[in-house]
Amino acid sequence: TVVARIGVLFDILFKADSAFRKKMAGIEELTEVNHGAWAPDPANPKTKIRTLTYIRPLTIPLPMAPKQCNVSEVHTILVREAGGFVVTHKVSTNAPKGDCFYVLVQWVAAPSEALRSRVRVSFKVEWLKSPGLLKGAIDSGAVSSTKKLLGGWLAELEKYCASFLPEGDRPLARATLDGPPALAGTLAAAGSVVGVQAGGKGLAKLGPVHVWLRTALMVLLLAAVLYLGAGVWSVVDALQQLAVAVRRGQEGAGGPGAGGLLRNEAAGRSCEPATAGVADLGA
(Lines give C-alpha, C1' and ligand atoms only; values in the text may rest on other atoms or scores of the structure.)
Protein backbone atom coordinates (compact mmCIF):
# COMPACT_ATOMS: atom_id res chain seq x y z
CA THR A 1 0.00 0.00 0.00
CA VAL A 2 1.07 3.60 -0.55
CA VAL A 3 0.09 6.77 1.29
CA ALA A 4 -1.97 8.52 -1.40
CA ARG A 5 -5.58 8.74 -2.48
CA ILE A 6 -6.52 7.23 -5.84
CA GLY A 7 -6.74 10.54 -7.70
CA VAL A 8 -3.42 11.79 -6.33
CA LEU A 9 -1.76 8.44 -7.02
CA PHE A 10 -2.89 8.52 -10.66
CA ASP A 11 -1.38 11.98 -11.15
CA ILE A 12 1.88 10.91 -9.48
CA LEU A 13 2.24 7.91 -11.77
CA PHE A 14 0.89 9.15 -15.08
CA LYS A 15 0.77 12.93 -15.26
CA ALA A 16 3.28 14.13 -17.88
CA ASP A 17 4.80 16.83 -15.64
CA SER A 18 4.78 14.65 -12.52
CA ALA A 19 7.82 15.25 -10.31
CA PHE A 20 7.93 11.52 -9.60
CA ARG A 21 8.10 10.61 -13.29
CA LYS A 22 10.89 13.16 -13.78
CA LYS A 23 12.74 11.65 -10.84
CA MET A 24 12.44 8.13 -12.27
CA ALA A 25 13.61 9.31 -15.71
CA GLY A 26 16.68 10.76 -14.04
CA ILE A 27 17.41 7.58 -12.09
CA GLU A 28 17.08 5.47 -15.25
CA GLU A 29 19.16 8.01 -17.22
CA LEU A 30 16.51 8.39 -19.91
CA THR A 31 16.90 11.10 -22.54
CA GLU A 32 14.59 12.77 -25.06
CA VAL A 33 11.52 11.84 -23.02
CA ASN A 34 8.33 12.85 -24.83
CA HIS A 35 4.84 12.35 -23.38
CA GLY A 36 2.03 12.39 -25.91
CA ALA A 37 -1.39 13.77 -24.96
CA TRP A 38 -4.17 11.48 -23.75
CA ALA A 39 -6.75 10.90 -26.49
CA PRO A 40 -9.65 8.51 -27.14
CA ASP A 41 -8.53 5.14 -28.49
CA PRO A 42 -9.76 4.84 -32.12
CA ALA A 43 -10.31 1.12 -31.55
CA ASN A 44 -12.29 1.70 -28.34
CA PRO A 45 -13.57 5.25 -27.65
CA LYS A 46 -14.33 4.30 -24.03
CA THR A 47 -10.61 4.13 -23.29
CA LYS A 48 -7.83 6.71 -23.60
CA ILE A 49 -4.33 6.18 -24.91
CA ARG A 50 -1.08 8.10 -25.26
CA THR A 51 2.41 7.32 -26.51
CA LEU A 52 5.57 7.88 -24.50
CA THR A 53 8.95 7.75 -26.25
CA TYR A 54 12.49 8.03 -24.90
CA ILE A 55 16.05 6.82 -25.36
CA ARG A 56 17.44 4.36 -22.82
CA PRO A 57 21.18 3.76 -22.36
CA LEU A 58 22.53 0.25 -22.72
CA THR A 59 25.53 -1.13 -20.80
CA ILE A 60 26.51 -4.33 -22.62
CA PRO A 61 30.17 -5.34 -22.13
CA LEU A 62 30.65 -6.65 -25.67
CA PRO A 63 32.47 -5.17 -28.68
CA MET A 64 30.23 -3.44 -31.21
CA ALA A 65 27.23 -3.69 -28.87
CA PRO A 66 24.71 -0.81 -29.10
CA LYS A 67 25.07 1.91 -26.48
CA GLN A 68 21.41 2.95 -26.45
CA CYS A 69 18.00 2.04 -27.82
CA ASN A 70 14.76 3.83 -28.65
CA VAL A 71 11.76 2.81 -26.53
CA SER A 72 8.07 3.38 -27.19
CA GLU A 73 5.35 2.89 -24.56
CA VAL A 74 1.66 2.94 -25.46
CA HIS A 75 -0.33 3.75 -22.29
CA THR A 76 -4.00 2.76 -22.15
CA ILE A 77 -6.46 3.77 -19.40
CA LEU A 78 -8.83 0.82 -19.13
CA VAL A 79 -10.54 1.94 -15.90
CA ARG A 80 -10.42 5.25 -14.03
CA GLU A 81 -13.02 5.91 -11.35
CA ALA A 82 -13.39 6.57 -7.63
CA GLY A 83 -13.00 2.84 -6.99
CA GLY A 84 -9.57 2.65 -8.63
CA PHE A 85 -7.81 2.58 -11.97
CA VAL A 86 -6.26 0.11 -14.41
CA VAL A 87 -3.58 1.31 -16.83
CA THR A 88 -1.53 -0.81 -19.23
CA HIS A 89 1.81 -0.05 -20.89
CA LYS A 90 2.83 -1.77 -24.12
CA VAL A 91 6.62 -1.41 -24.17
CA SER A 92 8.49 -1.89 -27.45
CA THR A 93 12.12 -1.24 -28.39
CA ASN A 94 14.35 -1.15 -31.46
CA ALA A 95 17.15 -3.05 -29.73
CA PRO A 96 18.39 -6.23 -31.49
CA LYS A 97 15.58 -8.81 -31.54
CA GLY A 98 13.26 -6.14 -30.11
CA ASP A 99 10.95 -6.64 -33.09
CA CYS A 100 10.22 -10.18 -31.88
CA PHE A 101 8.31 -9.25 -28.72
CA TYR A 102 6.94 -6.54 -26.46
CA VAL A 103 6.33 -6.32 -22.72
CA LEU A 104 2.81 -5.61 -21.46
CA VAL A 105 2.80 -3.93 -18.03
CA GLN A 106 -0.39 -3.42 -16.00
CA TRP A 107 -0.85 -1.01 -13.07
CA VAL A 108 -3.91 -1.60 -10.86
CA ALA A 109 -4.86 0.51 -7.84
CA ALA A 110 -7.85 0.60 -5.48
CA PRO A 111 -8.58 2.44 -2.22
CA SER A 112 -7.36 0.75 0.93
CA GLU A 113 -7.63 2.29 4.37
CA ALA A 114 -7.81 6.04 5.02
CA LEU A 115 -5.49 8.07 2.79
CA ARG A 116 -3.99 4.90 1.37
CA SER A 117 -4.22 2.96 -1.88
CA ARG A 118 -3.32 -0.60 -2.69
CA VAL A 119 -1.17 -1.02 -5.80
CA ARG A 120 -0.43 -4.08 -7.92
CA VAL A 121 1.89 -4.20 -10.91
CA SER A 122 1.93 -7.17 -13.28
CA PHE A 123 3.53 -7.86 -16.63
CA LYS A 124 3.94 -10.50 -19.32
CA VAL A 125 6.10 -10.95 -22.41
CA GLU A 126 4.14 -11.16 -25.66
CA TRP A 127 5.89 -12.73 -28.66
CA LEU A 128 5.31 -11.41 -32.17
CA LYS A 129 7.64 -13.89 -33.88
CA SER A 130 10.22 -16.44 -32.81
CA PRO A 131 13.86 -15.36 -32.43
CA GLY A 132 14.96 -18.97 -32.90
CA LEU A 133 17.33 -20.56 -30.42
CA LEU A 134 17.60 -17.32 -28.43
CA LYS A 135 13.95 -17.32 -27.30
CA GLY A 136 14.62 -18.95 -23.93
CA ALA A 137 17.47 -16.59 -23.06
CA ILE A 138 15.53 -13.52 -24.19
CA ASP A 139 12.37 -14.55 -22.32
CA SER A 140 14.15 -15.23 -19.02
CA GLY A 141 16.19 -12.05 -19.31
CA ALA A 142 13.14 -9.92 -20.10
CA VAL A 143 11.20 -11.37 -17.16
CA SER A 144 14.00 -10.95 -14.60
CA SER A 145 15.02 -7.43 -15.67
CA THR A 146 11.43 -6.14 -15.94
CA LYS A 147 10.58 -7.57 -12.53
CA LYS A 148 13.63 -5.87 -11.02
CA LEU A 149 12.85 -2.57 -12.74
CA LEU A 150 9.20 -2.47 -11.65
CA GLY A 151 10.12 -3.55 -8.15
CA GLY A 152 12.36 -0.50 -8.02
CA TRP A 153 9.51 1.71 -9.24
CA LEU A 154 7.26 0.46 -6.44
CA ALA A 155 9.95 0.97 -3.80
CA GLU A 156 10.56 4.53 -4.98
CA LEU A 157 6.80 5.20 -5.17
CA GLU A 158 6.35 4.17 -1.54
CA LYS A 159 9.17 6.40 -0.39
CA TYR A 160 7.94 9.31 -2.51
CA CYS A 161 4.38 9.13 -1.16
CA ALA A 162 5.57 8.65 2.42
CA SER A 163 7.80 11.73 2.16
CA PHE A 164 4.73 13.97 2.42
CA LEU A 165 3.91 12.63 5.90
CA PRO A 166 5.46 13.89 9.14
CA GLU A 167 8.65 11.94 9.80
CA GLY A 168 7.23 10.04 12.77
CA ASP A 169 4.25 8.83 10.73
CA ARG A 170 6.20 7.51 7.76
CA PRO A 171 5.69 3.77 7.18
CA LEU A 172 8.39 1.24 6.44
CA ALA A 173 9.26 0.88 2.75
CA ARG A 174 7.23 -2.19 1.88
CA ALA A 175 4.08 -2.77 -0.14
CA THR A 176 1.50 -5.50 -0.43
CA LEU A 177 0.74 -6.43 -4.00
CA ASP A 178 -2.43 -8.49 -3.83
CA GLY A 179 -4.82 -7.52 -6.60
CA PRO A 180 -7.84 -5.48 -5.43
CA PRO A 181 -10.91 -7.79 -5.37
CA ALA A 182 -13.11 -5.20 -7.12
CA LEU A 183 -10.77 -5.20 -10.11
CA ALA A 184 -9.95 -8.90 -10.18
CA GLY A 185 -11.91 -9.39 -13.40
CA THR A 186 -9.79 -6.84 -15.22
CA LEU A 187 -6.64 -8.50 -13.97
CA ALA A 188 -7.83 -11.93 -15.12
CA ALA A 189 -8.66 -10.55 -18.56
CA ALA A 190 -5.06 -9.51 -19.01
CA GLY A 191 -4.00 -13.16 -19.18
CA SER A 192 -1.19 -14.92 -17.37
CA VAL A 193 0.86 -12.29 -15.57
CA VAL A 194 3.89 -12.25 -13.32
CA GLY A 195 3.50 -10.43 -9.98
CA VAL A 196 6.20 -7.95 -8.95
CA GLN A 197 7.32 -7.78 -5.34
CA ALA A 198 7.96 -4.31 -3.99
CA GLY A 199 10.36 -3.13 -1.35
CA GLY A 200 13.42 -3.90 -3.48
CA LYS A 201 16.89 -2.53 -2.93
CA GLY A 202 16.52 0.48 -5.17
CA LEU A 203 15.97 0.86 -8.88
CA ALA A 204 18.06 -1.16 -11.29
CA LYS A 205 19.94 0.85 -13.89
CA LEU A 206 19.26 -1.84 -16.49
CA GLY A 207 15.96 -1.55 -18.32
CA PRO A 208 13.67 -4.39 -19.46
CA VAL A 209 15.68 -5.16 -22.60
CA HIS A 210 19.20 -4.96 -21.23
CA VAL A 211 19.64 -8.32 -19.58
CA TRP A 212 18.12 -10.36 -22.39
CA LEU A 213 20.12 -8.40 -24.96
CA ARG A 214 23.37 -9.03 -23.09
CA THR A 215 22.44 -12.71 -22.71
CA ALA A 216 21.60 -13.02 -26.41
CA LEU A 217 24.90 -11.49 -27.47
CA MET A 218 26.81 -13.72 -25.07
CA VAL A 219 25.06 -16.78 -26.54
CA LEU A 220 25.96 -15.64 -30.06
CA LEU A 221 29.57 -15.07 -29.02
CA LEU A 222 29.74 -18.53 -27.42
CA ALA A 223 28.24 -20.11 -30.55
CA ALA A 224 30.87 -18.36 -32.70
CA VAL A 225 33.69 -19.62 -30.47
CA LEU A 226 32.34 -23.18 -30.61
CA TYR A 227 31.99 -22.96 -34.39
CA LEU A 228 35.57 -21.74 -34.82
CA GLY A 229 36.81 -24.43 -32.43
CA ALA A 230 35.05 -27.10 -34.47
CA GLY A 231 36.65 -25.73 -37.65
CA VAL A 232 40.14 -25.80 -36.16
CA TRP A 233 39.60 -29.36 -34.94
CA SER A 234 38.50 -30.41 -38.44
CA VAL A 235 41.66 -28.92 -40.00
CA VAL A 236 43.91 -30.64 -37.43
CA ASP A 237 42.14 -33.94 -37.98
CA ALA A 238 42.52 -33.62 -41.77
CA LEU A 239 46.25 -32.93 -41.41
CA GLN A 240 46.67 -35.95 -39.18
CA GLN A 241 44.88 -38.16 -41.70
CA LEU A 242 47.03 -36.75 -44.51
CA ALA A 243 50.21 -37.45 -42.56
CA VAL A 244 49.10 -41.05 -41.95
CA ALA A 245 48.31 -41.50 -45.64
CA VAL A 246 51.73 -40.14 -46.64
CA ARG A 247 53.53 -42.41 -44.19
CA ARG A 248 51.66 -45.48 -45.42
CA GLY A 249 52.32 -44.49 -49.01
CA GLN A 250 56.03 -44.17 -48.39
CA GLU A 251 56.13 -47.56 -46.70
CA GLY A 252 54.44 -49.20 -49.70
CA ALA A 253 56.36 -47.31 -52.40
CA GLY A 254 59.11 -49.95 -52.72
CA GLY A 255 61.97 -47.94 -51.23
CA PRO A 256 64.20 -45.26 -52.76
CA GLY A 257 64.40 -47.03 -56.12
CA ALA A 258 60.70 -46.68 -56.87
CA GLY A 259 61.37 -43.79 -59.26
CA GLY A 260 59.90 -41.12 -56.97
CA LEU A 261 56.27 -42.27 -57.58
CA LEU A 262 53.76 -43.60 -55.05
CA ARG A 263 51.85 -46.56 -56.56
CA ASN A 264 48.15 -47.20 -55.81
CA GLU A 265 48.06 -50.95 -56.40
CA ALA A 266 44.29 -51.35 -55.99
CA ALA A 267 43.31 -48.69 -58.53
CA GLY A 268 46.39 -49.07 -60.74
CA ARG A 269 47.07 -45.30 -60.60
CA SER A 270 50.12 -43.24 -59.69
CA CYS A 271 50.45 -39.81 -58.13
CA GLU A 272 53.19 -37.32 -57.31
CA PRO A 273 55.13 -37.88 -54.09
CA ALA A 274 53.06 -36.75 -51.10
CA THR A 275 56.16 -35.62 -49.26
CA ALA A 276 56.20 -32.43 -51.31
CA GLY A 277 52.62 -31.68 -50.30
CA VAL A 278 53.43 -32.14 -46.63
CA ALA A 279 56.37 -29.75 -46.93
CA ASP A 280 54.16 -27.12 -48.56
CA LEU A 281 51.59 -27.35 -45.76
CA GLY A 282 54.25 -26.97 -43.14
CA ALA A 283 55.80 -23.87 -44.75
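For the structure itself, consult the block above.
Residues numbered from 1 in each chain as written. Predicted model: local features only at pLDDT ≥ 70, side-chain atom pairs only at ≥ 80, totals over all residues. Heavy atoms only, no water.

I'd like a rundown of the overall build of the protein, residues and numbers included.
Secondary structure summary: the protein contains six helices and ten strands in total. Split into buried and exposed, the 283 residues of the protein put 36% on the buried side. Sequence separation of 24 or more characterises 58% of the internal contacts of the protein that already satisfy a separation of 6 or more. Accessible surface computed for the protein: about 15,900 Å², of which carbon and sulfur atoms make up 59%. (Helix = DSSP H or I, 4+ residues; strand = E, 2+ residues; numbered from the N terminus. Buried < 20%, exposed > 50% of the residue type's maximum accessible area, 1.4 Å probe, protein only. Contact = heavy atoms within 4.5 Å. Areas by Shrake-Rupley, 256 points an atom, 1.4 Å probe, with all protein chains shown as cover.)

Would you mind going over the packing of aromatic side chains in detail, with residue names and values included?
What the rule picks out here adds up to nine aromatic pairs. Ring centres 5.6 Å apart and planes at 85 degrees place the aromatic pair Phe20 and Trp153 in the edge-to-face group. Here the residue Phe20 occupies a position in helix α2 (residues 19–27), and Trp153 occupies one in helix α3 (residues 135–162), the gap between them amounting to 133 residues. For the residue pair Phe20 and Trp153, the accessibility class agrees, reading buried in each case. Each residue in the set Phe10, Phe14, Phe20, Phe85, Trp107, Trp153, Tyr160 and Phe164 is aromatic and connected to the rest through ring pairs, giving one cluster. Across from the ring centre of Phe10, 3.8 Å away, lies the NZ or CZ of Arg80, which sits over that ring. The ring centre of Tyr102 lies 4.6 Å from the NZ or CZ of Lys90, which sits over that ring. (Phe/Tyr/Trp six-rings, centres within 6.5 Å; stacked < 30°, edge-to-face > 60°. Lys NZ or Arg CZ within 6 Å of the ring centre and 35° of its normal.)

Describe the packing of α2 against α3, naming the residues involved and giving the relevant values.
In contact at an axis separation of 11 Å, α2 and α3 are set at 135 degrees when each is read in the N-to-C sense. If you check the angle between α2 and α3, you find them oblique. Considering only the axes of α2 and α3, their crossing is right-handed. Here Ala19, Phe20, Arg21, Lys23, Met24 and Ile27 of α2 come into contact with α3, specifically with Trp153, Glu156, Leu157 and Tyr160. Of the residues contributing to the contact of α2 with α3, the split by class is seven nonpolar, no polar and three charged. (Axes fitted to C-alpha atoms, helices over the stretch in contact; angles between N-to-C directions. Parallel < 35°, antiparallel > 145°, perpendicular 65-115°, else oblique. Left-handed = near helix turned anticlockwise from the far one by under 90°. Nonpolar A, V, L, I, M, F, W, Y, C, P; charged D, E, K, R; others polar.)

Now, about the nonpolar core: what can you tell me, with residues and values included?
In this structure, Leu9, Phe85, Trp107 and Leu157 are the most contacted members of the largest nonpolar core, which totals 44 residues. Ranked by residues supplied to this core, first place goes to α3 with nine residues. (Core = buried A, V, L, I, M, F, W, Y, C linked by side-chain atoms within 4.5 Å.)

An account of the layout of surface pockets is needed here, citing residue identities and associated values.
Estimates place the volume of the largest pocket at around 400 Å³. Around the largest pocket sit 31 residues that line it, and Glu28, Tyr54, Arg56, Glu73 and Trp153 are the ones nearest its centre. Where the lining of the largest pocket is concerned, the elements lending two or more residues are α1 (6–14), α2, β1 (31–35), β3 (44–57), β4 (68–81), β5 (84–93), β6 (101–111) and α3. With five residues, the top contributor of residues to the lining of the largest pocket is β6. The class makeup of the residues in the lining of the largest pocket is 21 nonpolar, five polar and five charged. (1 Å grid on protein atoms, 1.4 Å probe; cavity = no way out; pocket = protein on both sides within 12 Å on 5 of 7 lines; lining within 4 Å. Points joined across faces, edges and corners; volume = space filled by probe spheres on them.)

Could you give an account of the pattern of salt bridges, with specific residues and numbers?
Within this structure, the stated rule accounts for seven salt bridges. Between Glu126 and Lys124 there is a salt bridge, with its nearest N and O atoms 3.2 Å apart. Judged by relative accessible area, Lys124 falls into the buried class, the value being 17%. Look at the salt bridges and you will find they share partners, linking Lys23, Glu156 and Lys159 into a network. (Salt bridge = Lys/Arg side-chain N within 4 Å of Asp/Glu carboxyl O.)

Any chance you could break down α2 for me, citing the residues and the numbers?
Turning to α2, its buried residues number three or more, namely Phe20, Arg21, Met24 and Ala25. Projected down its long axis, α2 shows its buried positions confined to an angular sector of 140 degrees, all on one face. Structurally, α2 contributes buried residues whose contacts are with α1, β1, β3, β4 and α3. Looking one or two places after α2, you find Glu29, whose phi comes out positive at around 60 degrees. (Arc of directions from axis to C-beta.)

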